[in-house]
Amino acid sequence: MSDPIQFYFDFASPYGYFASLYIDALGERCGRAVAWKPIMIGSAFKASGNLPLVEQPLKGAYARHDWERMARMLKAPYRLPDRFPVPALPPSRAFWWLAERDEVQAKAYARAVYHAYFAENRDISEVAVATELAGRLGIDAAALETAIQEPHWKQRLKDETEAAIAAGVFGSPFVIADGEGFWGADRLPMIEGWLKSGGW
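Let me begin by describing the structure that accompanies this report.

Calculation notes
Residues numbered from 1 in each chain as written. Predicted model: local features only at pLDDT ≥ 70, side-chain atom pairs only at ≥ 80, totals over all residues. Heavy atoms only, no water. Helix = DSSP H or I, 4+ residues; strand = E, 2+ residues; numbered from the N terminus. Buried < 20%, exposed > 50% of the residue type's maximum accessible area, 1.4 Å probe, protein only. Areas by Shrake-Rupley, 256 points an atom, 1.4 Å probe, with all protein chains shown as cover. Lys, Arg positive; Asp, Glu negative; His and termini not counted. Charge placed at Lys NZ, Arg CZ, Asp CG, Glu CD. Contact = heavy atoms within 4.5 Å. Arc of directions from axis to C-beta. Polar contact = N/O pair within 3.5 Å; in protein donor to acceptor, adjacent residues only side chain to side chain. Axes fitted to C-alpha atoms, helices over the stretch in contact; angles between N-to-C directions. Parallel < 35°, antiparallel > 145°, perpendicular 65-115°, else oblique. Left-handed = near helix turned anticlockwise from the far one by under 90°. Nonpolar A, V, L, I, M, F, W, Y, C, P; charged D, E, K, R; others polar.

Along the backbone of the protein chain there are 10 helices and four strands. If you list the helices and strands of the protein chain from N to C, you get β-α-α-β-α-α-α-α-α-α-α-β-β-α. Taking the principal axes of the C-alpha coordinates as reference, the protein chain spans close to 50 × 40 × 35 Å. Residue burial in the protein chain is summarised as follows: out of 200 residues, 48% are buried. Accessible surface computed for the protein chain: about 9,700 Å², of which carbon and sulfur atoms make up 54%. Between the averaged position of the 22 positive side-chain charges in the protein chain and that of its 25 negative side-chain charges there is a distance of 4 Å.

Below you can see the structure in the form of structure tokens.
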């Protein structure tokens, strides 16, 4: 198997949510593993001089419409959360703690976080929500809550974010496949074509 597909995302990103529903299936079709990498998109925005879509004139209204439209196309459960966007620090730190122990479980947790935020209107910036979602999956919620507060996992998220920015990541989702960067959930078909053809 060739190098894994690098899937960068922020848990408060609607486009990241939509991509998360299909990225692993894409990897399977291309014979690739997918490495999920939550980051702090706010830091990437600062590095690129960008703002969240909802804060941008014209683009904000378009994005809100497009998220609804994309959800209907994909038949994905979706509603814009009451608190949006939020800093998704607790689940992002929790993911890295989990990933070091069990990558499959970490991905299951990530999917649960995305669903909680964009389908259930749960505030994923709250530690209590992050730990409850872990408990639903049979993860030791108390251990996860402790990890969220530990300096090591706070720093891990910062380091992963800085490494992503250094690699050219500036949005969510952002995929790097064989050294080639692709920004946006709408680039998944292009990524699949690139990998299957060897690029162009």
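Within the secondary structure, Val127 is located in helix 7 (residues 127-136). Judged by relative accessible area, which is 23%, Val127 ranks as partly exposed. Sequence separation of Val127 and Glu28 is 99 residues, and the distance between their C-alpha atoms is 33 Å. Excluding its chain neighbours within four sequence positions, the residues that come into contact with Val127 are Pro90, Glu145, Ile148 and Gln149.

Residues of helix 8 (residues 141-149) that are buried: Leu144, Ala147 and Ile148. Along the long axis of helix 8, the arc covered by the buried residues comes to 105°, so they all point the same way. Turning to helix 8, the residues buried within the fold contact helix 5 (89-99), helix 6 (103-118), helix 7 and helix 9 (151-166). The opening residue of helix 8 is Asp140, an N-cap whose side-chain oxygen sits 3.1 Å from the backbone nitrogen of Ala142.

Right, let's talk about the packing of helix 5 against helix 8 for a bit. Each packed pair of helices is defined by two parameters, the angle between the axes and the distance between the axes. Relative orientation of the contacting elements helix 5 and helix 8 amounts to 110°, with a least axis distance of 9 Å. By the criterion of interaxial angle, the relationship of helix 5 to helix 8 is roughly perpendicular. As helix 5 packs across helix 8, the resulting crossing turns out to be right-handed. Residue-level contacts link Pro90, Arg93, Ala94, Trp97 and Leu98 of helix 5 to Ala143, Leu144, Ala147 and Ile148 of helix 8. In terms of residue class, the contact of helix 5 with helix 8 is built from eight nonpolar, no polar and one charged.

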